[in-house]
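So you can see what is in the structure, the chains are spelled out below.
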Amino acid sequence: MLSQGVTGGIYAAGEVFLFLVKLNLLWIIGTVAGLLLFGFGPSTLAMCDVIRRWMRKEADVPVWRTFWQQYKTYFLRGNGLSLVFLFGAFMIFVNTTFFFVESAWVVIFVRYALFLVAALLILTALYVFPATVHFELTLLDSLKQSFFIALYMPVRTLYMVAAVLTVYHILFMFPVLIFLFGISLFCFIQLYIVLGTFAKLETKQASMAAAPV
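So, how was this worked out
Residues numbered from 1 in each chain as written. Predicted model: local features only at pLDDT ≥ 70, side-chain atom pairs only at ≥ 80, totals over all residues. Heavy atoms only, no water. Helix = DSSP H or I, 4+ residues; strand = E, 2+ residues; numbered from the N terminus. Buried < 20%, exposed > 50% of the residue type's maximum accessible area, 1.4 Å probe, protein only. Contact = heavy atoms within 4.5 Å. Expected span 1.5 Å × (residues − 1). Phe/Tyr/Trp six-rings, centres within 6.5 Å; stacked < 30°, edge-to-face > 60°. Bend = angle between axes of the 7 residues up to and from the residue.

A. View of the side chain of Thr-31. One can find Thr-31 in helix H1 (residues 2–33). Residue Thr-31 is classed as buried on the basis of its relative accessible area, which comes to 7%. Ignoring any residue separated from it by four or fewer positions in sequence, one finds Thr-31 in contact with Leu-36, Gly-39, Phe-40 and Ser-43.

This is the structure:
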């Protein structure tokens, strides 16, 4: 029995590994096909959708076909999200680099305000791609929901930040893994945590709705 359990564990780990390698390759191809800028968003949303289906144990998820179907479905929304965050990052960079006034305290205030905006932008980005595919939201609704969920569930958000940073340090030490399954591993861990967060949020909302007034 122990031998069968070990064998089953190895087989399951191998399935996950191959799944992540396939998705990583598809993400790279999709991003390059969109000339990087116009491929990043659709590829990321398509990868999130495939992982979400896999985690929800939808029977026989055809990875290749599903990815490209969702790539086309989310092409406009994916590029919209990419451009929003790219514009936000650009504005923060410009203001951090070139903002200058005579008053030192104003400079300090603006700098810390920009750091706060950058942190909120990053936290929103951690939720926005999974939220878009999970709730089938529009561009604006995805941004609003992701922002409020990041603030409403702070413990889960910190948990996700810690997990993402851990993966980042591992990949930083072994950069060759990035091309093997680095991006898909990020997304896999992100979806695992975020779907749990969404489930807790839906349970809270159901409890509040059922509570007597």
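B. Examining helix H4 (residues 75–98) more closely. With 24 residues, H4 should cover 34 Å at 1.5 Å per step; its first-to-last C-alpha distance of 34 Å lies within 8% of that length. For H4, every residue scored as buried is listed here: Gly-78, Asn-79, Gly-80, Leu-81, Ser-82, Phe-85, Gly-88 and Ile-92. Looking at the buried side of H4, the elements it contacts are helix H2 (40–55), helix H5 (104–135) and helix H6 (139–152).

C. Up close: the side chain of Ser-184. Examined against the element boundaries, Ser-184 turns out to sit in helix H8 (residues 176–210). For Ser-184, a relative accessible area of 0% puts it in the buried group. In this view, Ser-184 contacts Leu-20, Leu-23, Asn-24, Met-47 and Ile-51; residues no more than four positions away in its chain are not counted.

D. Expanded view of unusual backbone geometry. The phi angle at Leu-35 is positive, at roughly 60°, despite the residue not being glycine. With respect to the helices and strands, Leu-35 occurs in the loop between H1 and H2. Here Leu-35 falls in the exposed class, since its relative accessible area comes to 67%. Phi at Glu-136 takes a positive value of approximately 55°, unusual for a residue other than glycine. Examined against the element boundaries, Glu-136 turns out to sit in the loop between H5 and H6. According to the relative accessible area criterion, Glu-136 is partly exposed, its value standing at 49%.

E. Examining the packing of aromatic side chains more closely. Considering all chains together, one arrives at 13 aromatic pairs under this definition. Between Phe-17 and Phe-181 the ring centres are 5.7 Å apart and the planes differ by 75°, which places this aromatic pair in the edge-to-face class. Of the two residues, Phe-17 is situated in helix H1 and Phe-181 in helix H8; the sequence distance between them amounts to 164 residues. A residue is classified by how much of its surface remains accessible, and Phe-17, at 37% relative accessible area, is partly exposed. A centroid spacing of 4.8 Å and a plane angle of 55° characterise the contact between Phe-135 and Phe-198, whose relative ring orientation is tilted. Pair noted here: Phe-135 is in helix H5 and Phe-198 is in helix H8, with a separation of 63 residues, a long-range link.

F. Structural view of H5. For H5, built from 32 residues, the straight-helix expectation of 46 Å at 1.5 Å per residue is met to within 8% by its first-to-last C-alpha distance of 45 Å. At Val-128, H5 shows its strongest bend, of approximately 35°, with the proline Pro-130 following within four residues. Just past H5, the residue Glu-136 takes up positive phi, approximately 55°.

Everything listed here is a matter of coordinates, which is why it stays silent on function.
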